Amino acid sequence: LSPAPDDASGGLGGPVQDDGIVATCPAHTRKPQETTMNLAAAQQAARLLTERPEHDWRLDELAALVHLSVSQLGRVFSRRFGRTPMRFLMYLRAHLLATLLRETDLPIAEAMNKVGWRSRGHAARYFKAVFGVSPSSYRESGWERIGHE
């Protein structure tokens, strides 16, 4: 996955990446105390998650990498992307898994592991929440007929 070029809107709204796996994220109302630097940190956190979705991310690790507290990161990330960093990661992993299911013959468990899910049950539940079907049904039925978030 490649990160998106810097957003022309100064970090408010716009794509996180350019390959279409994660849809354009809406800009959310910004509180006055949220600085451009904090929003840039949220953007950087999204890039880190996008560049390494297979990593076993922890919020404290991600927050330290972008120089914010865990609570600050959660707040500015949610405002910027409309979901928490971990929900963003799960959504990203679901879309990456869908791509692998469409484009490879990898066994489903191996594909889940490749995108960062260690628990097949957790992966299947979240995938179904995003796509409305299990990973095996998604692969069997063809992705064109399945609506997604």
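In this text the structure is predicted, and so the values were computed from the model without any measurement.

Q: I'd like to hear about the overall build of the protein, residue by residue, with values.
A: Within the protein, the secondary structure is distributed over 7 helices and 0 strands. Helices (α) and strands (β) of the protein occur, in sequence order from the N terminus, as α-α-α-α-α-α-α. Within the span of the protein, comprising 149 residues, buried residues form 42% of the whole. For the protein, the proportion of contacts with a sequence separation of at least 24, taken over those separated by at least 6, is 57%.

Q: Describe helix H6 (residues 120-131), naming the residues involved and giving the relevant values.
A: Across its 12 residues, H6 extends 16 Å between first and last C-alpha, which sits within 8% of the 16 Å expected from 1.5 Å per residue. Buried within H6 are the following residues: Ala123, Tyr126, Phe127, Val130 and Phe131. Angular distribution of buried residues about the axis of H6 spans 120°; they occupy a single face of the element. Counted as exposed and oriented over 90 degrees from the buried face of H6: Arg125 and Ala129. Summarising the contacts, the buried residues of H6 are in contact with helix H4 (85-103), helix H5 (108-114) and helix H7 (135-141).

Q: Tell me what's going on with the environment of Val76, and back it up with residues and numbers.
A: Of note, Val76 is situated in helix H3 (residues 70-81). The exposure class assigned to Val76 is buried, which follows from its relative accessible area of 0%. For the pair Val76 and Ala40, spaced 36 residues apart in the sequence, the C-alpha separation amounts to 9.4 Å.

Each value, and the rule that gives it
Residues numbered from 1 in each chain as written. Predicted model: local features only at pLDDT ≥ 70, side-chain atom pairs only at ≥ 80, totals over all residues. Heavy atoms only, no water. Helix = DSSP H or I, 4+ residues; strand = E, 2+ residues; numbered from the N terminus. Buried < 20%, exposed > 50% of the residue type's maximum accessible area, 1.4 Å probe, protein only. Contact = heavy atoms within 4.5 Å. Expected span 1.5 Å × (residues − 1). Arc of directions from axis to C-beta.

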